[in-house]
Amino acid sequence: MSNAEHPTIDTVVPAGEPWMGVVRRGQVLRIVDLKGNQAVDTLFYNAYDTAEHYSAQDTIQAQRSIYLTTGSQLRSNRGRPMLTITEDTCGRHDTLGGACSAESNTVRYAIDKRHMHSCRDSFLLALSQHDDGLDKRDLPSNINFFMNVPVTPAGQLEFADGISAAGRHVQMLAQMDVLVLISNCPQLNNPCNAYDPTPVRVMAWDAA
Ligand SMILES: [Zn+2]
């Protein structure tokens, strides 16, 4: 039996790097924004059947809100609960902004941004280094933990300054064995991570 003092997973994901790991049903997953205002692009897959994965659409529809916080149930494309957020000292996480990519960097910023690191490339790098049979077709819309993407009354998305701060964390209880895929966002062109990518800590332990 592990606990918060003796976690089964305890790793620091450096700024701009990906991470993959399995969190078991009944375990708690905690992501800590060590320096503040980092964006943690995250996807979840059923560890035994990766055709089942986190679905922004099913999650938003079920909770009737586009933001994630304590009580939010992260649902799969089969409508099943995957994880439930049980603690959140940040207060808001994004479901809509998606992952940055070479293509979006080029369109949003400038052609010479194409070769900068991006979350989509980090996701693909992590998938290529793990033998899970996943490839670019298996990248649905992701969660951006700690990222602030308010929607205006007119329905427009804004990439706004973050509301997170050093040491804030989000914690969730896994309701199935989940494969976790993280890109600790390397973006340098928008305020999603305050133009300054920083490390995050990922922990997991058995719930009491
Ligand atoms: Zn990114």
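The paragraphs below set out a description of the structure included in this document. (Residues numbered from 1 in each chain as written. Predicted model: local features only at pLDDT ≥ 70, side-chain atom pairs only at ≥ 80, totals over all residues. Heavy atoms only, no water.)

Comments concerning the environment of Tyr195
Item 1. For Tyr195, the location among the structural elements is in the loop between strand S12 (178-184) and strand S13 (200-206).
Item 2. Tyr195 sits in the partly exposed class, given a relative accessible area of 47%.
Item 3. Distance from Tyr195 to Asn105, taken between C-alpha atoms, is 14 Å for residues 90 residues apart in sequence. (Helix = DSSP H or I, 4+ residues; strand = E, 2+ residues; numbered from the N terminus. Buried < 20%, exposed > 50% of the residue type's maximum accessible area, 1.4 Å probe, protein only.)

Digging into the coordination of the zinc ion
Item 1. The coordination sphere of the zinc ion, as far as protein atoms go, consists of Cys100 (SG), Cys119 (SG) and Cys185 (SG), spread over 2.2 to 2.3 Å.
Item 2. Donor residues binding the zinc ion come from one chain and are separated in sequence as C-x18-C-x65-C. Of this pair, Cys119 sits in helix H3 (residues 119-129) while Cys185 sits in the loop between S12 and S13, placing them 66 residues apart in sequence.
Item 3. Since its relative accessible area comes to 3%, Cys185 is described here as buried. (Donors = N, O, S within 2.8 Å, 3.2 Å for Na, K, Ca; no water.)

Re the side chain of Asp33
Item 1. With respect to the secondary-structure elements, Asp33 resides in strand S3 (residues 27-33).
Item 2. Buried and unpaired, Asp33 has Arg168 as its nearest opposite-charge partner, separated by 7.6 Å.
Item 3. With residues up to four places along the chain from it excluded, the contact list for Asp33 reads Gln38, Phe146, Ser164, Ala165, Ala166, Gly167, Arg168 and Val200. (Lys, Arg positive; Asp, Glu negative; His and termini not counted. Salt bridge = Lys/Arg side-chain N within 4 Å of Asp/Glu carboxyl O. Contact = heavy atoms within 4.5 Å.)

Distances and angles like these do not, on their own, reveal function.
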